[in-house]
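The chain contents come next:
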Amino acid sequence: MTAVKPILLHPELSHQPQTDAAARARRALARIGPEGCGDDELLSLVLGGRDGPLLARRAVDALGGVAEAARASVDELAPLVGVRRAASVVAAFELGRRSAVVWPEPRWVVRTPADVAERLLPAMGNLEREQLRVVLLNTKNVVTSMRTVYVGNLAGSNVRVGEVFSDAVRRHAAAVVVAHNHPSGDTSPSTEDLRVTGELAQAGRLLDIELLDHLVIGHGTWTSLRALGAV
């Protein structure tokens, strides 16, 4: 039986499907805007290169969706797309989270816990590590600044009251709202959450900086510890 000789594609032609997919993603972005592009297309544009579409599909499939890709670390993404591209993806998603909490014009006024919680949900609701953020307000309850104070394990023993209030004291804030997330998505406050809240409220009274609330952020939901009587 005569052996069948394999057909070898020209190197440039072997990349044609990826090249076409990358070009289609760029054209779609220009023609219909980012809102009309699929998750794979947007991620492929962040990755760049002729193999961007292939790598984007690989990453989304391996991680279980674009939401999981948004939470992935460089170490988790690197085996799928390479270290440099992994860093670009992580940076892009972080910029998106940060832009989600830019205060609206002309000012961000806090009248209810929801005015803070709803603004922080997109940025903090799906984080895989705990963060504690402090929102500073002036005498008219207008937000003047926000700072991430802790990242990682927020066991009560690790939260230092002085660090939480340091920016508020330096910037002469009238009040603060403290928020931290539960990576599990469950916003039920722990015993440590309640204890730390009591300590922060007491410190605020001594510093004449009111603790308006302590919010626990979860997956699409949140809990106000003031509403629970802890503040």
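Parameters and conventions
Residues numbered from 1 in each chain as written. Predicted model: local features only at pLDDT ≥ 70, side-chain atom pairs only at ≥ 80, totals over all residues. Heavy atoms only, no water. Helix = DSSP H or I, 4+ residues; strand = E, 2+ residues; numbered from the N terminus. Buried < 20%, exposed > 50% of the residue type's maximum accessible area, 1.4 Å probe, protein only. Contact = heavy atoms within 4.5 Å. Areas by Shrake-Rupley, 256 points an atom, 1.4 Å probe, with all protein chains shown as cover. 1 Å grid on protein atoms, 1.4 Å probe; cavity = no way out; pocket = protein on both sides within 12 Å on 5 of 7 lines; lining within 4 Å. Points joined across faces, edges and corners; volume = space filled by probe spheres on them. Nonpolar A, V, L, I, M, F, W, Y, C, P; charged D, E, K, R; others polar. Phe/Tyr/Trp six-rings, centres within 6.5 Å; stacked < 30°, edge-to-face > 60°. Lys NZ or Arg CZ within 6 Å of the ring centre and 35° of its normal. pLDDT = per-residue confidence, 0-100. Pairing = 2+ DSSP bridges. Right-handed = clockwise from strand over helix to strand, strands pointing away. Axes fitted to C-alpha atoms, helices over the stretch in contact; angles between N-to-C directions. Parallel < 35°, antiparallel > 145°, perpendicular 65-115°, else oblique. Left-handed = near helix turned anticlockwise from the far one by under 90°. Patch = residues over 30% accessible without salt bridge, like charges linked within 9 Å, V, L, I, M, F, W, Y side chains within 5 Å. Salt bridge = Lys/Arg side-chain N within 4 Å of Asp/Glu carboxyl O. Expected span 1.5 Å × (residues − 1).

Moving on, we come to the overall build of the protein. Helices and strands together make up the secondary structure of the protein, namely 10 helices and 5 strands. Taking all 231 residues of the protein together, the buried fraction comes to 40%. For the protein, long-range pairs separated by at least 24 residues make up 58% of all intrachain contacts whose partners lie at least 6 apart in sequence. As displayed, the protein offers around 13100 Å² of accessible surface, 54% of which is attributable to carbon and sulfur atoms.

Moving on to the layout of surface pockets. What the largest pocket holds in volume is close to 270 Å³. Surrounding the largest pocket, 14 residues form its lining, R71, R97, L127, E128 and R129 being those nearest its centre. Broken down by secondary-structure element, the contributors of at least two residues to the lining of the largest pocket are α5 (66-71) and α7 (83-99). Element by element, the count of residues in the lining of the largest pocket is highest for α7, at 3 residues. Class assignment for the residues of the lining of the largest pocket results in 5 nonpolar, 3 polar and 6 charged. Within this model, the second largest pocket holds a volume of roughly 230 Å³. Around the second largest pocket, the lining residues are V66, A67, A70, R71, A92, F93, G96, R97, P122, A123, N126 and L127. Here the lining of the second largest pocket is built from residues that sort into 8 nonpolar, 2 polar and 2 charged.

Under the definition given, this model contains 0 aromatic pairs. When the ring centre of W108 is taken as origin, the NZ or CZ atom of R119, which lies over that ring, is 5.8 Å away.

Next up on the list: the confidence of the model for the protein. Looking at the protein, the pLDDT average stands at 84 and 86% of residues meet or exceed 70. Throughout residues 1-16 the model reports pLDDT below 50, and contacts reaching past four residues in sequence, or to other chains, amount to 2 contacts.

Most of strand β3 (residues 175-181) sits inside the fold, with 7 of its 7 residues counted as buried. Neither face of β3 is open: one carries A175, V177, A179 and N181, the other V176, V178 and H180, and all of them are buried. For strand β1 (residues 131-137) and β3, the ladder comprises 6 bridges, and the chain directions are antiparallel. When the bridges of β3 are listed, L136 appears paired with V176. In terms of strand pairing, β3 meets strand β4 (residues 210-217) through 7 bridges, oriented parallel. Pairing of V176 across the sheet is with L211, part of β4. Between β3 and its parallel partner β4, the chain crosses via helix α10 (residues 191-207), and the hand of that crossover is right-handed.

Remark: helix α9 (residues 161-170) packs on α10, axes separated minimally by 10 Å, with the N-to-C direction vectors making an angle of 40°. It follows that α9 is oblique to α10 by the angle criterion. By crossing handedness, the relation of α9 to α10 is classed as right-handed. The residues of α10 that touch α9, namely those facing V161, V164, F165 and V169, are E199, L200, A203, G204 and L207. In the contact of α9 with α10, the residues fall into 7 nonpolar, 1 polar and 1 charged.

Judged by side-chain polarity, V169, L206 and L207 come together as a nonpolar surface patch covering roughly 310 Å² of accessible area. Structurally, L207 can be placed in helix α10. Under the relative-accessibility criterion, L207 is labelled partly exposed at 42%.

Over its 12 residues, helix α8 (residues 113-124) runs 15 Å from end to end, which matches the ideal 16 Å to within 8%, given 1.5 Å per residue. Taken residue by residue, α8 has V116, A117, L120, L121, A123 and M124 as its buried positions. Looking at the buried positions of α8, the neighbouring elements they touch are α7, β1, β2 (143-151), β3, β4 and β5 (222-224).

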